[in-house]
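A look at the structure
Here's the letter readout for the chains.
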Amino acid sequence: MSDVMDGQPGDVVLRLAGISKSFGSLKANDGISFELKRGEVLALLGENGAGKTTLMNILFGHYVADAGEIIAFGRALPPGSPRAALEAGIGMVHQHFTLADNLSVLDNIVLGTESLWSWRSQGGAARQRVAQLAADFGLGVNPDARIADLSVGERQRVEILKALYRNARILILDEPTAVLTPQESEGLFATLEKLVARGLAIIFISHKLHEVLAVSERVLVLRQGRLVGGRETKGATRQDLAELMVGRPIPLPKVEPQAAGTELVRLAQVTIAGSHGRNELQSVDLSLREGEILGIAGVSGNGQATLADLLSGLAAASAGTVTLLGDTIGEADAAAMVRRGVGRIPEDRHAVGLIGDMSITENMIAERYREQPFSRHHLIDWQAARNFSQGIIAGFDVRCPGPHATARLLSGGNMQKLILGREMAGNPKLILAAQPTRGLDIGAVGYVHEQLLAARKRGAGILLISEDLDELLTLSDRIAVIYRGQLSAPMIRADFSVQQIGLMMAGHGFAQHEAGHAA
């Protein structure tokens, strides 16, 4: 890492000049120019579809800009070459990790840096260098551990070690805390401080404004492909940054007190068997009532997806009982759950929520195309379908060319609005909201929260599964934590702290918490 230390604080290490990129008629980036300095953390903010991802893909060589140039450490960067970006000292840690689960930590870090035979002959040197990097920057992880056996936080450390092993001097972090516990996020921030102290320059992309304020010295904001402003983060507030992002004030969600009504859902000692002898859910008890938001906190992969599948009819209990609206549910039947009044906002809007190659109209009637008013004499009434879709587009402020548009062309925020509109149109009694605002900008987040609170007010019961603790603490009436398939007894929101939830998400004190409630 000696090369990271070269130069003086404040030296310009990266310069983007007039970067433009279009996809057909869409101007994704429009003449963007900025500089990044040695030892600086620069935050990049913007609504969904503002052009952040496109810009970073151009910088890392995945895309070729239509115009403009990139200067890294005084030299022009060849366009469209990730290898050239890596050789120039640019590393990127994507939101969705790019690790081989069946290989060890050391294999993943070294893979691709030299020929297989060369690495085997110099394996000891590679191991020593990885150990030194881990010690220097607080990135402790067992080099012989399989990636599949690591926690999410440990996997992220491996990604950062990969970049450092390749002598990264500029590090791009895309939503780095999206799936981390609060404690893991704090560990990441401590690592970033050490990296910056050694002269690394960091571009930090996040929708979590409190983290942007805590980590960065400077913020740049993109809006509709253009750089619209920037400011020092010292003295700034979340509200300042939110207004800069969307160009208008963002009202905070207001959760009005209300009494919960009749019980909608009850799980009693529900177990769902998984693979390799491990249960996906283990003896889970849960109760959800009308007009209530029950928040489920947990690190991804601890059973929350299985819980959502169970209540949306995609999975069946191996043991225990599931009661919905007074009826005992046996076999998995997704269509029957829709008929019973269950609305679902799935975790993966791209793969599960919408069919990307179908039109908006086709997606909006996909769950009910056999029902009135869309079905007439066993044929689809396309005019009724288009009218319905147009109503959702207008009512939920979906930015798109119209009902004929292909779903995959929409931004993540607009996809989520479509899913919300489709589900809310049926006035569901139970809403399964799994990661409903993941990856959304603050404007889209506010809109989703408004819709969920409106549904709560009219009497719907909402199961809110989220890895965003701020979201859970803002919206939930009660909160439970899921860890390795076990669900804690829920507590009133006011009785939970972020630190307590974070520790339970990591498994610390989970058994004691359960024992305390059992007593």
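Calculation notes
Residues numbered from 1 in each chain as written. Predicted model: local features only at pLDDT ≥ 70, side-chain atom pairs only at ≥ 80, totals over all residues. Heavy atoms only, no water. Helix = DSSP H or I, 4+ residues; strand = E, 2+ residues; numbered from the N terminus. Rg over C-alpha atoms; globule rule 2.2 N^0.38 Å. Buried < 20%, exposed > 50% of the residue type's maximum accessible area, 1.4 Å probe, protein only. Pairing = 2+ DSSP bridges. Contact = heavy atoms within 4.5 Å. Axes fitted to C-alpha atoms, helices over the stretch in contact; angles between N-to-C directions. Core = buried A, V, L, I, M, F, W, Y, C linked by side-chain atoms within 4.5 Å. Parallel < 35°, antiparallel > 145°, perpendicular 65-115°, else oblique. Left-handed = near helix turned anticlockwise from the far one by under 90°. Nonpolar A, V, L, I, M, F, W, Y, C, P; charged D, E, K, R; others polar. Domains from an automatic or database assignment. Salt bridge = Lys/Arg side-chain N within 4 Å of Asp/Glu carboxyl O. Polar contact = N/O pair within 3.5 Å; in protein donor to acceptor, adjacent residues only side chain to side chain.

1. Quick look at the overall build of the protein chain
Looking only at helices and strands, the protein chain has 19 helices and 23 strands in total. Here the C-alpha atoms of the protein chain give a radius of gyration of 24 Å, agreeing with the 24 Å that 2.2 N^0.38 yields for 519 residues. With the principal axes as the frame, the protein chain shows a C-alpha extent of 70 × 55 × 50 Å. Per-residue burial for the protein chain yields a buried fraction of 50% across its 519 residues.

2. Some points on the sheet that holds strand β1 (residues 12-23)
With antiparallel pairing, the four strands of this open sheet are ordered in space as β2-β1-β4-β5. The sheet terminates laterally at β2 (26-37) and β5 (75-76), the two strands that pair on one side only. Across eight bridges, β1 lies against β2 in antiparallel orientation. From the neighbouring strand, L14 faces β2, where its bridge partner is L36. Sitting on the sheet, helix α1 (residues 52-59) touches β1, β2 and β4 (67-72), and the angle it makes with β1 is about 120°.

3. Side note on the nonpolar core
With 90 residues, the main nonpolar core has L171, L192, I202, F204 and L452 as its most contacted residues. Among all residues touching L452, those that are not within four sequence positions of it are I345, M424, I431, A433, P436, I462, L464 and L475.

4. Quick look at the environment of A50
Here A50 is to be found in the loop between β3 (41-46) and α1. C-alpha separation for the pair A50 and I329, spaced 279 residues apart in sequence, amounts to 44 Å.

5. Concerning the packing of helix α6 (residues 152-165) against helix α7 (residues 182-197)
It is the contact of α6 with α7, at a shortest axis distance of 10 Å, that shows an interaxial angle of 15°. Between α6 and α7, the crossing angle belongs to the class labelled roughly parallel. Like other packed secondary-structure pairs, α6 and α7 cross with a definite hand, here right-handed. Touching G153, Q156, I160 and L164 of α6 are E184, L188 and L195, all from α7. Considered class by class, the residues forming the contact of α6 with α7 number four nonpolar, two polar and one charged.

6. Observations concerning the domain arrangement of the protein chain
Splitting the protein chain by domain gives domain 1 (2-246), domain 2 (263-341 + 427-518) and domain 3 (355-426). Computed from C-alpha atoms alone, the centre-to-centre distance between domain 2 and domain 3 is 27 Å. Taken together, the contact between domain 2 and domain 3 spans 15 residues of the former and 14 residues of the latter. Scanning the region where domain 2 abuts domain 3 turns up zero salt bridges. At the junction of domain 2 with domain 3, the criterion picks out four residue pairs in polar contact (both at pLDDT 80 or more). No other element matches helix α16 (residues 442-457), which puts six residues into the side of domain 2 that touches domain 3. When grouped by side-chain class, the residues that make up the side of domain 2 that touches domain 3 number ten nonpolar, four polar and one charged.

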